[in-house]
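Here's the letter readout for the chains.
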Amino acid sequence: MEVASRPIRVQSIAQNGTAPQVPPEYIQPPETRPNNPTARPANNNPIPSIDLNSAVRDADFLRTEIGAACRDWGAFHVTNHGVPPKLLGEVRRVGRTFFEACPMDEKLRYSCDTSGAATEGYGSRMLVASNDTVLDWRDYFDHHTLPVSRRDPSRWPQFPPDYREVMVEYSDHMKALAQKLLGLISESLGLPSSCIEEAVGEFYQNISINYYPPCPQPDLTLGLQAHSDMGAITLLIQDDVGGLQVFKDDEWITVDPLSDAIFVILSDQTEIISNGKYRSAQHRAITNGSRARLSVSTFHDPAKTKAISPAFEPPKYHTAIYGDYVLSWYSNGPEGKRNIDALLI
Ligand SMILES: O=C(O)CCC(=O)C(=O)O
Ligand SMILES: [Fe+2]
């Protein structure tokens, strides 16, 4: 049994087979439950999948396709992205091995510090704004990976033995892909290729491995509440369980898991820099009644001291220091897009 001072992980609750019901703090109010009528399957409205193979793609057509996906969805799959599919499989494997083959006591040695927001390590409560917040049915391991001065693999799991090496290689590949995508997104806006990357400055990259244990009441819970990501661009991979949903035209659309593709999510700072021409995507994760799900989100954010403003006149958003934006996000909670809407002029 858990003692009061020991952090409770969702995985421990899920493995307590005597509990056919989830604890009340994980029960969503009716309007945010996944079976609400606004949810429907992806096949009615497929999310764009864009082939980045520059050897065979016409550059103008690729930019047009990216522009349409950013405008209409704020999210899209990319294929032929240059990241070896084997590496994607290895990241999923080391993540799953940590969550499923490491004893809980060993995992808890990496617990993140609960006094601050988004600290590195093993945790369960990243988006909790107040005691009233409904809890997510999710555990995670968050890694600070860039700039290299923030990267300290000795704080990451040692099991499986190649965990740290795989994460470092993955971090470097994700940075290169984020740079390439921000270049294409800038060009699709008619801006010089380097424009968004220069506006963001040096990438602060975090990698979160999300682990969603099977949930006895998937209709009443969310793995991760609705939010848009705070930074510039998020690159996400998932396993074959599925559960990521994107909000479009007042409906939740399920993102098909495509094993070798990478899912690109435009985040709030890119919406600001584009002056609202592109929108950050609201998304959430639902739970699964029988299978544990794994996803890996790689966030690329500005430095906390960086001022972010629109690249077009007249500006539709106030300039904001990124660190202030993060503070308001954590104190208000994500609640859809309320935080970015507060910056609208
Ligand atoms: O698990 C997922 O698919 C979503 C993860 C996510 O949105 C996040 O980590 O910000
Ligand atoms: Fe997210």
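- Identification of the chain as Fe2OG dioxygenase domain-containing protein from Escallonia rubra is taken from an unreviewed UniProt entry.
- Taken from UniProt, the Sequence similarities (unreviewed entry) comment for the chain reads in full: "Belongs to the iron/ascorbate-dependent oxidoreductase family."

### Description of the overall build of the chain
Step number 1: Counting its regular elements, the chain contains nine helices and 15 strands.
Step number 2: Compactness check: the chain gives a C-alpha radius of gyration of 19 Å against a globular reference of 20 Å for 345 residues, within 12% of the reference.
Step number 3: Dimensions of the chain along its principal axes, counting C-alpha atoms only, are 60 × 45 × 40 Å.
Step number 4: Out of the 345 residues belonging to the chain, those deemed buried represent 43%.

### Structural notes on the pairing of strand E6 (residues 204-212)
Step number 1: By the criterion of burial, E6 is predominantly enclosed, with nine of the nine residues buried.
Step number 2: Burial of E6 is two-sided: the residues Tyr-204, Asn-206, Ser-208, Asn-210 and Tyr-212 facing one way and the residues Gln-205, Ile-207, Ile-209 and Tyr-211 facing the other way are all buried.
Step number 3: As paired elements, strand E5 (residues 139-146) and E6 share seven bridges and run antiparallel to each other. Pairing of His-143 across the sheet is with Ile-207, part of E6.
Step number 4: Strand direction decides the pairing type here: E6 and strand E13 (residues 293-301), joined by nine bridges, are antiparallel. By the bridge assignment for E13, Asn-210 is matched with Ser-295.

### As for the sheet that holds E13
Step number 1: What the eight strands build is an open sheet, ordered E2-E3-E11-E8-E13-E6-E5-E4; its pairing is mixed. Looking along the sheet, the strands with just one partner apiece sit at the ends: strand E2 (49-51) and strand E4 (121-123). Averaged over all pairs of adjacent strands, the angle between strand axes in this sheet comes to 25°, irrespective of strand direction.
Step number 2: Note that strand E8 (residues 233-238) and E13 share six bridges and pair antiparallel.

### Examining the site of ligand 1
Step number 1: Surveying the vicinity of ligand 1 reveals the residues Ser-208, Asn-210, Leu-224, Asp-229, Leu-236, Gln-238, Leu-244, His-283, Ala-285, Ser-295 and Ser-297.
Step number 2: Breaking the shell around ligand 1 down by element, the ones donating at least two residues are E6, E8, strand E12 (283-285) and E13.
Step number 3: Its residues assigned to classes, the shell around ligand 1 shows four nonpolar, six polar and one charged.

### Things to note about the nonpolar core
Step number 1: Counting 82 residues, the largest nonpolar core has Ala-75, Ile-262 and Val-264 as its most contacted members.
Step number 2: Sorting elements by how many residues they give to this core places helix H5 (residues 163-188) first, with ten residues.
Step number 3: Excluding anything up to four places from it in sequence, Ile-262 contacts Val-78, His-81, Val-83, Leu-177, Leu-235 and Ile-237.

### Comments concerning the UniProt feature "domain: Fe2OG dioxygenase" (unreviewed entry) in the chain
Step number 1: Following the UniProt record, the feature "domain: Fe2OG dioxygenase" (unreviewed entry) maps to residues 202-302 here.
Step number 2: For residues 202-302, the end-to-end C-alpha separation is 7 Å, with 6% helix and 45% strand making up the annotated structure.

### Brief notes about H5
Step number 1: Its 26 residues place the ends of H5 37 Å apart at the C-alpha level, agreeing with the 38 Å of an ideal helix rising 1.5 Å per residue.
Step number 2: Looking one or two places after H5, you find Gly-190, whose phi comes out positive at around 80°.

### Notes on the pairing of strand E11 (residues 262-266)
Step number 1: Of all the five residues making up E11, five are buried; the element is thus mostly covered by neighbouring parts of the structure.
Step number 2: Alternating positions in E11 separate into two faces, Ile-262, Val-264 and Leu-266 on one and Phe-263 and Ile-265 on the other, with burial throughout.

### So, the packing of helix H2 (residues 59-72) against H5
Step number 1: At a minimum axis separation of 8 Å, H2 and H5 run at an interaxial angle of 90°. Here H2 is positioned roughly perpendicular relative to H5, judged by the angle of their axes. Mapping the contact onto sequence places Leu-62, Arg-63, Ile-66, Gly-67 and Cys-70 in H2 and Leu-184, Ile-185, Glu-187 and Ser-188 in H5.

### With respect to the packing of helix H3 (residues 85-101) against H5
Step number 1: Orientation of H3 relative to H5, taken along the N-to-C sense of each, is 135°, at an axis distance of 10 Å. As far as their axial angle goes, H5 and H3 are oblique. As H3 runs across H5, the sense of the crossing is left-handed. Mapping the contact onto sequence places Leu-87, Glu-90, Val-91, Val-94 and Phe-98 in H3 and Tyr-163, Val-166, Glu-169, Tyr-170 and His-173 in H5.
Step number 2: Partitioning the contact of H3 with H5 into residue classes produces seven nonpolar, one polar and two charged.

### Topic: unusual backbone geometry
Step number 1: The linkage connecting Leu-146 with the following residue, Pro-147, adopts the cis geometry, with an omega of -5°.
Step number 2: Along the chain, Pro-147 turns up in the loop between E5 and H5.
Step number 3: Across the junction of Phe-159 and Pro-160, the peptide omega takes the value 5°, indicating a cis bond.
Step number 4: Turning to its location among the elements, Pro-160 is positioned in the loop between E5 and H5.
Step number 5: Positive phi is not limited to glycine here, since Asp-250 has a value of about 65°.
Step number 6: Judged by local crowding, Asp-250 falls into the exposed class, with 6 C-beta atoms found within 10 Å.
Step number 7: The phi dihedral of Asn-275 is positive, around 60°, even though this residue is not glycine.
Step number 8: With respect to the secondary-structure elements, Asn-275 resides in the loop between helix H7 (268-273) and E12.
Step number 9: Classification of Asn-275 as partly exposed rests on a count of 17 C-beta atoms within 10 Å.

What counts, and where the lines are drawn
- Residues numbered from 1 in each chain as written.
- Chains lettered and ligands numbered in written order.
- Predicted model: local features only at pLDDT ≥ 70, side-chain atom pairs only at ≥ 80, totals over all residues.
- UniProt positions renumbered as here; feature names shortened; annotations may be inferred.
- Helix = DSSP H or I, 4+ residues; strand = E, 2+ residues; numbered from the N terminus.
- Rg over C-alpha atoms; globule rule 2.2 N^0.38 Å.
- Buried ≥ 20, exposed ≤ 12 C-beta atoms within 10 Å, placed from the backbone.
- Pairing = 2+ DSSP bridges.
- Axes fitted to C-alpha atoms, helices over the stretch in contact; angles between N-to-C directions.
- Near = placed C-beta within 6 Å.
- Nonpolar A, V, L, I, M, F, W, Y, C, P; charged D, E, K, R; others polar.
- Core = buried A, V, L, I, M, F, W, Y, C linked by C-beta atoms within 7 Å.
- Contact = placed C-beta atoms within 7 Å.
- Expected span 1.5 Å × (residues − 1).
- Parallel < 35°, antiparallel > 145°, perpendicular 65-115°, else oblique.
- Left-handed = near helix turned anticlockwise from the far one by under 90°.

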